[in-house]
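# Coordinate analysis (summary)
What follows is the residue order along each chain.
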Amino acid sequence: MPLRFQQRAAPPAAFAVTLPLAAIATTFLLTAAIVVAAGESPFRAYQEFLLRPLSSEFRILEVLVSSTPILFTGAAVAIAFRAGYWNIGAEGQLLSGAIAAAWLGRQVDGWPPVASLPLLVVGGALAGAAWALPPALMRVRFGIDEVVTTLLLNPVALLMVGGLLNGPWRDPVTRFPESPRIAPAAEFPQLVDRSRLHFGFLLALAVLAVGWFVTTRTATGLRLRAVGLSPHAARFAGIRIERTLLGAALASGGIAGIAGVSEVAGIQFRLTEGISSGFGYTGIVVATLGALSMIGVAFAAFFLGLVNVGAGSASRVLDVPSQLGEVITATLLLVTVALLVLRRYRVVRVGSP
Amino acid sequence: MRGIVKRFGDLVANDGVDFTLASGTIHALLGENGAGKTTLMRILYGLALPDAGEILVDGRRVEIRSPSDAIAAGIGMVTQHFSLVAPMTVAENVALGDEGGFRLDRRGARAKVVKASERVGIAVRPDARVATLSVGEQQRVEIVKALSRDCRVLILDEPTAVLVPQQVEALFNALRRLRDQGLAVVFISHKLREVTAISDEVTVLRRGRVEGTVTTRTTDERELGRMMVGRPMTGVARDDERVPGEVVLRVERLSVADGSALPAVRDISLEVRSGEILGVAGVSGNGQTELVEVLSGMRVPSAGTVVVGNVDVTGQPPARVTAAGVGRIPEDRHASVVRDLSVAYNLVLEDLDAYRRGPVLDEGRIRRTAHDLIDRFDIRAGPADLVGTLSGGNVQKVLLARVLARRPKLLVVAQPTQGLDVGATEYVRGQLLAQRGAGAAVLLVSEELEELLALADRLAVMYEGTIVGEFDRAEVDVDRLGLLMAGIRAGG
Amino acid sequence: MSFTLDVLAATFRNATPLVYASVGDTFVQRAGMLNLGIEGMMFAGAFVGFAAAYATGSLLVGLLAAVAVGIAAAAVLGFLIVTLGTSQHVAGIGMTLLLVSASEFANRLAFADRETLPKIETFEPVSLGGRILSQYGMTYVAFLLVAPAAWLLLRHTSFGLRVRAVGENPEAADVAGVDVFRTRYLALMIGGALAAVGGAFLTLAVLGSFTLEIIAGRGWVALALVIFGRWRIEGAVLGALVFAGVFALQLRLRILPGWDDVPFELLLATPYIVIIIALAVSGRNVAYPGAYLRPYRRA
């Protein structure tokens, strides 16, 4: 191939805008083939995907609802990745938080919301952090790569949920594998009438705001970034690497745990087997599309929420399976990651200046 | 090579370079660090692609896009930082890339190794794992590997950096032998003395351009130095002798294990007083790196103590070491700064607690400090520039500024001028002398003997983890130093 | 006694997909890369193998289709992580997400409106005598052909030497004239093809149908097994047997008296926990391949 890469001095400023647009355009071009294979016109499909969700107030609110869990997991993954801690276990950490919320939600019957809600949130965060702790300790004490350990705990968490729902927590009335409903005191308040938008959305925005503040404005955040960018230089400068990684891992797990609380207390009001549709993994997509910044995470989460709602409505109207939404999401991630290379490198023909 | 042009962003590494090489000659490529010598030869060997220009072998144009093209054209290269796969054996390394078939023929590879080493007269053990070999032995493996491909051109990039004077002579003899067999040798160096000793012809590069090509016989060091730098080279001047003050650093019976059978550092004791520079001489790989790592807080020793002032910092992490008044200039400067953070953040990174109000960073104070340090230390960059975009010399200045701003009582410095051009080198050496003048104690580890001879008040020689000799400045004898560095004790 | 034989026979059967996937991934990790797309490649291999066999009536065609998918996915991933040098973590997860969702999409498209799960005639076990030696053909192939061949390939051929060199010190390999990119692509394609075959084993031999839970994290387990096996073929195979052994054991423990109170999910989780503990015990400060996770670019 008569092409090669040449390093740029600095990423062109316009890329902040043109790159996401190019990524989205390329993605839709590539996935158009699949839509055609399903027997539908790509234009109709993408109209359903992108425009229909914005066409009514209810739908826009649904987009926000859909983006709520991945705002949390996107933030969780972004913080971990920023520190160079590859937390692929957000899914399991979310489920731990959901389990905690389902249990605590039954204990707080009759409590005032000002006491019950913080309890649920804190409990879920602690559960998520606890699930994140073993791999983090293994990394910090023994140097064992956290990718595989966090990953393997995901199916274990799912089995835990199954074990509880098929056993002691099986709803005694319906006999379905879902937990009994949480107490009204534990429910996240509805934010807008006749919509599913709940307090969890505001909580997610608050978490993002705090995350932004900590990573960009505090000494802790600078240390975290230094450790992620250059662990050797950070260690040399006196930064305690182990402490930073542990902190990032636990914060990440805790935020993912809150995502679980949000789904239980805001949407399902009980623990179910389908409480998470891969939110932990989607969080990785959101974090990457958002370039690991809190603001980027917000935009990416809203966009993916849009695609998700669009996928649902498209599958009802057209003959296209709703998985198309996930296909688009995954393709967008790969395309973005490929295009990001262009920020650092220019493609030139061999032999030309 | 004709009209070679190579740019890296705004930097023009090679600016229309012509280079002609004849068989049966040793042709030196001379220039200071950053002049473009390595870049030019990497282009010849296919590790880099030129933006313009052509390469001709025996008068015919050849396309060299990768090392395998270069090898096919009969070109071999021994890179500056060795290109050997550490866990593999010598024979496997020599076979790599030239295995001769699908099946891996280990015995055939061994035979090839023996044959090539006989040709050049150096001994290599085919079944030894490269990780166990000394630096000098590894270099010999690299040469044997290049020769085993029947090359007609052999490029050596700064080959003497890792050798003691006696080994340099052995290498030169081997090169002369190869030249007499008809091989064309390119000898990249920035050391005038060696260039005049070994080469038949010299091409001098300065700032990416050819200053001239001369026959070595007809020129001298002074003229070559002038061509190299564009002005007569001055050194740094030491001022009058000082009387050293009290002991600042006391290392007692320090040992450092490194996972292999022999400890990297064995039972070392030394002292450095305020107002003096103790130079640690030795070929790389004799424990200096581990010693510096312990003194920097980056490694825990297996035995012994390190005391700075009256604070025991043995085994303490970097934060405690700097708090005890130690300033560290590390060997690998690019790995010791965070390239994707700004100059300002890097300048305050060792001392973040002083730059925050509560949990929040005091950006204003950080910026003011950065401006101040950029001024005082002549850093050619703005506070918001990413350190990764800075030249080697400016990165070193950032590290110096960061360290010296805290007025350390002890400086631990390793290879401070490696890879720097003459201007930056003189600046750094000047700073070290100034610190000495201001009363700091300096421990200077360097592979460049001339640097140590220029700067140090006392010299210690390290070999295989122990100190095999200590000298005052006045009693230094270069030949004896060379023998000690090679492990040959006095009286032998 | 027959309990033990049962467990042993089941161990080999359960270990088969893991052996394929981890033997393949040994090449990938030895070459210095992390393939987080492995779960997706197993999943896609399972689906495509099933779909192709269903459509053509030929199991062999199914197998070949699975191999093709594995190689294609590996080539795309290779472009991202080798040629472009992007984050291996993100590209790998993205590839898994893409392959899983695309397979589910295609599955829904092709088989959605059926009342019963579509089924195919699976491979028959081949009995060589006794209960243990009554395994599927693909199991024999895995243990007796693929694993030894892989061992020979890695240790005694020039390709194996290049793979190992590229994973330890790609700069050195480049200087020696090795095509680093090509070697890494090939290693990745071996990993992808074998992972897909491992997945196809489950649909074409064991189950005869395709469900969404068919892989259930075995790809991740294979990754762990390679590390647990210290990047050696024999270590990966041993690890696969250990994991599958625990899995087979718990399946049978469940039906024993006294054990049926234990929630079966807890038992199902045991193999994963065993692997994590095994990593904690044996994986301290092991020497990863020198260039692990580092994309190669000529400076």
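Rules used throughout
- Residues numbered from 1 in each chain as written.
- Chains lettered and ligands numbered in written order.
- Predicted model: local features only at pLDDT ≥ 70, side-chain atom pairs only at ≥ 80, totals over all residues.
- Helix = DSSP H or I, 4+ residues; strand = E, 2+ residues; numbered from the N terminus.
- Rg over C-alpha atoms; globule rule 2.2 N^0.38 Å.
- Buried ≥ 20, exposed ≤ 12 C-beta atoms within 10 Å, placed from the backbone.
- Contact = placed C-beta atoms within 7 Å.
- Core = buried A, V, L, I, M, F, W, Y, C linked by C-beta atoms within 7 Å.
- Pairing = 2+ DSSP bridges.
- Axes fitted to C-alpha atoms, helices over the stretch in contact; angles between N-to-C directions.
- Parallel < 35°, antiparallel > 145°, perpendicular 65-115°, else oblique.
- Left-handed = near helix turned anticlockwise from the far one by under 90°.
- Expected span 1.5 Å × (residues − 1).
- Arc of directions from axis to C-beta.
- Domains from an automatic or database assignment.
- Nonpolar A, V, L, I, M, F, W, Y, C, P; charged D, E, K, R; others polar.

### Things to note about the overall build of chain C
Secondary structure summary: chain C contains 11 helices and two strands in total. Scaling as 2.2 N^0.38, a compact globule of 299 residues should have a C-alpha radius of gyration of about 19 Å, and chain C matches this with 19 Å. Summarising its shape, the C-alpha atoms of chain C cover approximately 65 × 45 × 35 Å along the three principal directions. Within the span of chain C, comprising 299 residues, buried residues form 55% of the whole. If you take every contact in chain C between residues at least 6 apart in sequence, the share linking residues at least 24 apart comes to 78%.

### Some details on the overall build of chain B
Each helix and strand counted, chain B has 16 helices and 22 strands in total. Expected size for 492 residues packed as a compact globule is a radius of gyration near 23 Å; at 24 Å, chain B falls within 12% of this value. Oriented by its inertia axes, the alpha-carbon framework of chain B measures out at about 65 × 50 × 50 Å. Taken over 492 residues, chain B has a buried fraction of 50%. Put simply, 67% of the contacts in chain B that link residues at least 6 apart link residues at least 24 apart.

### Examining the nonpolar core
By size, the foremost hydrophobic cluster in this structure holds 386 residues, and its most contacted members are B:L443 and B:L444. Of the residues forming this core, the biggest block, 15 residues, is contributed by helix α8 (residues 180-207) of chain C. The residues contacting B:L444, other than those within four sequence positions of it, are B:I277, B:L278, B:G279, B:V280, B:V413, B:L432, B:L452, B:L455 and B:A456.

### Points about the pairing of strand β14 (residues 303-308) of chain B
All names here are of chain B. Strand direction decides the pairing type here: strand β11 (residues 247-256) and β14, joined by five bridges, are antiparallel. Considered in β14, the bridge of L249 is made with V308. Across two bridges, β14 lies against strand β15 (residues 311-312) in antiparallel orientation. Within β15, the residue paired with V308 across the bridge is V311. Linkage of β14 to β15, two consecutive antiparallel strands, is achieved through a turn of two residues, within which G309 is found at a positive phi near 65 degrees.

### Considering the packing of helix α4 (residues 90-107) of chain A against helix α6 (residues 146-166) of chain A
All names here are of chain A. At a minimum axis separation of 7 Å, α4 and α6 run at an interaxial angle of 25 degrees. With respect to each other, α4 and α6 are oriented roughly parallel. Handedness of the crossing formed by α4 with α6: left-handed. Two secondary-structure elements touch here, α4 through E91, G92, L95, S96 and I99 and α6 through L153, N154, V156, A157, L158, M160, V161 and L164.

### Observations concerning helix α12 (residues 363-376) of chain B
Residues and elements named next belong to chain B. The first and last C-alpha atoms of α12 sit 20 Å apart over 14 residues, in line with the 20 Å expected at 1.5 Å per residue. Those residues of α12 that sit buried are I366, T369, A370, L373 and I374. Angularly, the buried residues of α12 cover 130 degrees about the axis, an arc narrow enough to put them on a single face. Residues of α12 that are exposed and point over 90 degrees away from its buried face: G364, D375 and R376. Immediately beyond the C-terminal end of α12, within one or two residues, lies D378, with a positive phi of roughly 55 degrees.

### Notes on the domain arrangement of chain B
Residue and element names in this part refer to chain B. We note that the domain assignment places domain 1 (2-229) and domain 2 (247-342 + 392-485) within chain B. Taking the mean C-alpha position of each, domain 1 and domain 2 sit 31 Å from one another. Broken down by class, the residue content of the side of domain 1 that touches domain 2 amounts to seven nonpolar, four polar and one charged.

### Observations regarding the interface of chain B and chain C
A common way to state how big an interface is: give the accessible area lost once the parts meet. Counting residues at the interface gives 22 residues for chain B and 16 residues for chain C. Elements represented by at least two residues in the side of chain B that touches chain C include exactly α2 (67-72) and α3 (90-95) of chain B. Broken down by element, the residue count for the side of chain B that touches chain C peaks at three residues, all from α2(B).

### Observations concerning the sheet that holds β11(B)
Taking strand neighbours across the sheet as the criterion, the four strands line up as β12-β11-β14-β15 (chain B) in an open arrangement whose pairing is antiparallel. With one partner strand each, in any of the chains shown, β12 (265-273) and β15 of chain B form the two edges of the open sheet.

### A short note on helix α6 (residues 158-168) of chain C
Burial within α6(C) is extensive, with eight of its 11 residues counted as buried. Of the positions making up α6(C), those classed as buried are C:L161, C:R162, C:V163, C:R164, C:A165, C:V166, C:G167 and C:E168. Residues of α6(C) that are buried make contact with α3 of chain B together with α1 (2-30), α5 (137-156), α7 (170-175) and α8 of chain C.

### Quick word on the sheet that holds strand β21 (residues 458-463) of chain B
Residue and element names in this part refer to chain B. Reading across the sheet, the six strands line up as β16-β19-β20-β13-β21-β22 and stay open at both edges, with mixed pairing between neighbours. Every interior strand has two partners, whereas the edge strands, β16 (326-329) and β22 (466-472), have only one. On average, each strand axis in the sheet is inclined to that of its neighbour by 15 degrees, with strand direction left out of account. Across four bridges, β16 lies against strand β19 (residues 410-414) in parallel orientation. Counterpart to V326 in the pairing with β19 is L410. Lying over the sheet, helix α9 (residues 288-296) contacts β13 (277-281), β16, β19, β20 (441-445) and β21, oriented at roughly 145 degrees with respect to β19. Contacting β13, β21 and β22, helix α16 (residues 478-485) crosses the sheet at an angle of about 30 degrees to β21.

### Focus: the interface of chain A and chain C
Contact residues are listed per partner, giving 38 residues for chain A and 41 residues for chain C. Those elements that provide at least two residues to the side of chain A that touches chain C are α5 (113-142), α6, α11 (279-289) and α13 (324-344) of chain A. Counted by class, the side of chain A that touches chain C contains 27 nonpolar, 10 polar and one charged residues.

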